[in-house]
Amino acid sequence: MSIVPKETVEVIAQSIGITNLLPEAALMLAPDVEYRVREIMQEAIKCMRHSKRTTLTASDVDGALNLRNVEPIYGFASGAPFRFRKAIGHRDLFYTDDREVDFKEVIEAPLPKAPLDTEIVCHWLAIEGVQPAIPENAPLEVIRAPAENKPHEQKDGPLIDIRLPVKHVLSRELQLYFQKIAELAMSKSNSALFKEALVSLASDSGLHPLVPYFTNFIADEVSRGLNDFQLLFNLMHTVRSILQNPHIHIEPYLHQLMPSVVTCLVSRKLGNRFADNHWELRDFTANLVALICKRYGTVYITLQSRLTKTLINALLDPKKALTQHYGAIQGLAALGHNVVRLLIVPNLEPYLRLLEPELAAEKQKNQAKSYEAWRVYGALLRATGLCIHDRLKIFPLSPSPSPSFLHKGKGKIINTEPQKRKLSVDSSENRSPQKRLITKDGPDGVQSQDHTGVAPMQVDNPVENDNQPQNSAQPSSSEQTSDANESESRNGMVKESGRGRAITMKAILDQIWKDDLDSGRLLVKLHELYGDKILPFIPSTEMSVFL
Amino acid sequence: MDPEQINEFVVGYLKKKGFSSAAKDLEDFHHQNNGSSLSPIDYHNDPELTKLIRSFSQQEDDPTRYRECYSKLRSWAYNSLDLYKHELLRVMYPVFIHCYMDLVGKGHTQEARAFFNSFRKDHEMVHLRDLQKLEGVLAPSHLEEMEFARSLRKSKVNIKICQYSYDLLLQYLHRTESTLMLGIINEHINFQVYSGQPTSSSDDIEAVTIVGSFQDTANHINQKEIQWGLLEDSLEDRLEKTGGLLSDSEKGQGESKDDADDSKKRSTETGKQGSSIKKLKKDKAGNATAKVARLETSTVPPTPRVKPELALPVMSTDVEQSILEDLRNRVQLSSVAMPSVSFYTFVNTHNGLNCASISHDGSLVAGGFSDSSIKVWDMAKIGQTGSGALQGENDTNDPTIAPNGRRNYTLLLGHSGPVYSATFSPPGDFVLSSSADTTIRLWSTQLNANLVCYKGHNYPVWDVQFSPFGHYFASCSHDRTARIWSMDRIQPLRIMAGHLSDVDCVQWHPNCNYIATGSSDKTVRLWDVQTGECVRIFIGHRSMVLSLAMSPDGRYMSSGDEDGTIMMWDLSTARCITPLMGHNSCVWSLAYSGEGSLLASGSADCTVKLWDVTSSTKSTKAEEKNVSSNRLRSLRTFPTKSTPVHALRFSRRNLLFAAGAISKPAS
């Protein structure tokens, strides 16, 4: 009945020397013990309140005992509140940590530092009702936090004085500046003056008050001028300049800016003339998007995920135009190789299957459409190729080449250099036919495309062989085994490296294969999908490593 | 005894007394009865009576009946009509606590505890603190010992109830024959039945506190007349009068009168003439602002003036001049013109700071510590002008400010217990401190020494306050009294007794004729200083009252409690104008701005809040009926880093000073 069990009373009685306390007496005493304890606590709480504290301390209980003319309990003179420990195995049983102290240690210990003397520090909590932002005051977040849970303040609604929005005063100079920039952006020319203006936008300080106006302007003009290619390009340049300006704090306006930028990336139609190179605009915007994500992705964690979601949705929707697909691919590619690997590569096969009929030019009556398809194909190829390139580059180079190998390594470098050049030529070849298409506009464009598919194959046959060791796990992919086209030097190199590294590299390679079997598989998969077109993307150094 | 004998005895008695006709009737009656041999009341055959008797006997030996009856009544009340429900529920609390105390009183401790715990939740919201007190009562002896319980047992609770609710309740009690409940209700509740519709549940503040018998006395006391007006011929008055160009000549007259009064003093201060001329020049400059102030104040209905009941000390001329100067330079504060707040943070107090006090000009800060010491800092000397401008930092090496070696404060030692309160005299030349050693000590800030030790209280003195004019001071203590003292006597002049628990805080009315005291019995009382009588009781707080403040015009008072509620009271009607909700911990300190338009509150939740007081008082005057709209509003909240605000003070120029000890956040 009482919260003090009779066992407690018995224990207390024993501790003060009463051994023969009857259990009935203990039972009778228990309620009184509880009452007295409550009484003491009530007085102790009074003492605590008058000491202007909200934590009860031992001195408060001593004060309460004093009030009742009871001798205080000695040995608990610490000013700080007690640290209670939870008794293991019990839900609400606590005890104070009472360690045994070695007397000798206490005597021999150096004197503790004298506590610092009490002082008064003065600061302004508020100046005419406004809290100055000084270190002595609570940071502003703390001020905002309680504003959220102020139910009674919100309740008396009519009494709250509603503050009108603050009038933003723009200086005359800033107004002129804004007008001039806006005019230049609207002029649709790519004049030198506009370039100067962009440089000014990217570097001048003191433009911050104009940022809301610029974001508004860009959003308005983008939504209005989707047919005007040059305008859009100018606007995107403006965006980039604003982003580059180190004095501008763009974060609060990003949410306004992003929709316009993404529009320029994945809109169905940008510009109304055929000559408008909207591909270039999309490429440019893709880089812009990547820049934004890189810079502010840490501040807005959801930024990149939301963006990639938008883009991948655009890509995977077969109803969307090919131009939109192109923009989405470019945007995703610009976001980095990981994005490509995680989002594009898994969808690659079905997508390419979807694209195939468009690519087959014979059936295609609409030239423009087939051109677009090839454009998308090229973008895909580039994205995945760069991705695999990056993956392969992760592989460590040979850890400690032996001196004898160093010599041969030199030879290798000499060897690889022209190959690298060749690769770059290849990639330019890979690209150039597509560009040529613009001028050709003929059915032979497809033939030239076929040609590009063939041409590097001849050159890169040995490179294909280089992949053999890696792909040995999947013999299916090695249908093109070593053939007569191999050059002498290359043959020698294969042999040499095969011999020289057989011992040192084998262990490492095993490991690398294990680790990067998936990238090996990826490579195989890509090769299956693209044929040899993927090969220029395989870094030459890596290929030679795997020789 | 034989019934025949009794009859004979009664008849004989009646005859002796001369009631012959009555005796004859009785004899006739008995003869008839004897003939029919019928006893007048048949105890055994009347079923109603047997039931009643049985219920009485049952009630005696069965403690579970309390629980049954109470829970029946409770479920009936909860299921009653919505319109009358709150009135009926109000009856439940007294019934509950009396059931509990009955059970305890009869020794059924276990049942009492079980009963208490099962229904405690119903009343926790409103009566938490009372329940906490009662919870400990477990034996009949405790009921006798505990004053709160005793007063509850002795007195009846007044409950206002509408006619229909009352009828409902009576019908229920009779129908169910719950004589037990009926008994408790009859014994402990005094119904004030009124006709008409039940009142809305919000405006019954009295229902919140059960204060025993003195609800009646409170109502009675609150009928008394009080003179809440300001003193006639106060400095503010004089400032208003002399606001115009007349000021120079009038002041000249006043000075000459003063000069005539104490010519001796005059002769010693030869240089004063020059300085006063300078001051007069300054006054002219200040006149412009004073005029504006005068115009503004003239729109407010003038506050009545009263004569002082105490002999007030004479203020020296230069003190008066400096005060007038301050008043003239006062910043007018309102909801749009906020004050500046200068914060004094105590560092390295090691949890020992019990109280802080700031002098009227903000230049002196005193701290009372639990190690019995008082420390006084002169902020003007620590590179801080009185008006609070920040000039450089503390320079402890400056020889002028460190008379005691490295210390830059004055240490006042003398108490032998924790110091609970300190207060500065208005000019700042004296400090009073009160301590757990039951004494009050007077210290001089010029001599840095203890002058007087006032002994009178029997228990720790919780609070001491100088009167607005100095010389007199009031103290309050755990011994449930407040006392009025003057500096030159070591005995108290008046003892104010009446509170039912500790008197925790005390505050002077601006006209010095009254003091207000806040107590742990959750009431605030206003006392007449001259007669020592209680003239007002303010009921409404739900926990211990910790701080009090009087508006400068003497019309209003505000009080802050342990839960963070601040109540603003109208002194003349003893009614709460509005509770100010916002703080979520103890309100340690309250202060009105110089002209009374703002109220500042400092709390243990580490914030200083500013409240607009004018909006509410105006609207109450304008339309009394619109009760809900005249709530005071919180204007600003200034959070400190982690410093509970112990003290607040508006300087005469309306700069707000705040003080507190920084507390390390619990790791």
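From a predicted model like this one, the values you see are computed outputs, not experimental measurements.

Draft legend 1. Representation of the pattern of salt bridges in the model. Evaluation of the coordinates by the stated rule reveals 24 salt bridges over all chains. The salt bridge partner of glutamate 135 of chain B is arginine 38 of chain A, with a shortest N-O separation of 3.2 Å. Placement of the pair is glutamate 135 of chain B in helix H6 (residues 109–135) and arginine 38 of chain A in helix H2 (residues 23–50), with the two residues belonging to separate chains. Here arginine 38 of chain A falls in the partly exposed class, since its relative accessible area comes to 23%. One salt bridge connects arginine 153 of chain B with aspartate 102 of chain B, and the closest N-O pair in it is separated by 2.6 Å. Remark: aspartate 102 of chain B occurs in helix H5 (residues 82–105) and arginine 153 of chain B occurs in helix H8 (residues 147–154); sequence separation between them is 51 residues. By relative accessible area, arginine 153 of chain B is classed as partly exposed at 27%. Given the relative accessible area of 13%, aspartate 102 of chain B is considered buried. By sharing partners, the salt bridges in this structure join Asp32, Arg36, Glu39, Glu43, Lys46 and Arg68 of chain A together with Glu145 and Asp502 of chain B into a single network.

Draft legend 2. Representation of the packing of helix H14 (residues 322–334) of chain A against helix H15 (residues 337–359) of chain A. All names here are of chain A. At a closest axis distance of 11 Å, the pairing of H14 and H15 adopts a crossing angle of 155 degrees. By the criterion of interaxial angle, the relationship of H14 to H15 is roughly antiparallel. Handedness of the H14/H15 crossing: left-handed. Residues Leu322, His325, Ile329, Leu332 and Ala333 of H14 form the contact with H15, whose participating residues are Val339, Val340, Leu343, Ile344, Tyr351, Leu355 and Glu358. Of the residues in the contact of H14 with H15, the class split is 10 nonpolar, one polar and one charged.

Draft legend 3. Expanded view of the pairing of strand E27 (residues 598–603) of chain B. All names here are of chain B. Within E27, six of the six residues are buried, which leaves the element mostly enclosed by the surrounding structure. Here E27 shows a buried face lined by Leu598, Ala600 and Gly602 and a second buried face lined by Leu599, Ser601 and Ser603. Strand direction decides the pairing type here: strand E26 (residues 587–592) and E27, joined by five bridges, are antiparallel. Counted as the bridge partner of alanine 591 is alanine 600 from E27.

Draft legend 4. Broad picture of the confidence of the model for chain B. Residues and elements named next belong to chain B. When pLDDT is averaged along chain B, the result is 77; 74% of the residues meet or exceed 70. Scored below 50 in pLDDT, residues 201–208 makes 11 contacts in the model with residues more than four places away or belonging to other chains. Within the model, the stretch residues 244–300 combines pLDDT values under 50 with 36 contacts to residues more than four positions away or in other chains. Per the prediction output, this complex has pTM 0.56; the corresponding ipTM is 0.72.

Draft legend 5. Here's a closer look at the side chain of lysine 609 of chain B. Its place among the elements puts lysine 609 of chain B in strand E28 (residues 607–612). In contact with lysine 609 of chain B, other than residues within four places in its own chain, are Gly582, His583, Leu599, Ala600, Ser601, Ser634, Arg636 and Thr637 of chain B.

Draft legend 6. Structural view of the nonpolar core. Core analysis: the largest hydrophobic core is formed by 80 residues, its most contacted members being Met236 and Leu355 of chain A. Apart from the residues within four sequence positions on either side, methionine 236 of chain A is in contact with Val222, Ser260, Val261, Cys264, Leu281, Phe284, Thr285 and Leu288 of chain A. Core analysis: the second largest hydrophobic core is formed by 46 residues, Tyr66, Cys99, Val137 and Leu173 of chain B among them.

What counts and how
Residues numbered from 1 in each chain as written. Chains lettered and ligands numbered in written order. Predicted model: local features only at pLDDT ≥ 70, side-chain atom pairs only at ≥ 80, totals over all residues. Heavy atoms only, no water. Salt bridge = Lys/Arg side-chain N within 4 Å of Asp/Glu carboxyl O. Helix = DSSP H or I, 4+ residues; strand = E, 2+ residues; numbered from the N terminus. Buried < 20%, exposed > 50% of the residue type's maximum accessible area, 1.4 Å probe, protein only. Axes fitted to C-alpha atoms, helices over the stretch in contact; angles between N-to-C directions. Parallel < 35°, antiparallel > 145°, perpendicular 65-115°, else oblique. Left-handed = near helix turned anticlockwise from the far one by under 90°. Contact = heavy atoms within 4.5 Å. Nonpolar A, V, L, I, M, F, W, Y, C, P; charged D, E, K, R; others polar. Pairing = 2+ DSSP bridges. pLDDT = per-residue confidence, 0-100. Core = buried A, V, L, I, M, F, W, Y, C linked by side-chain atoms within 4.5 Å.

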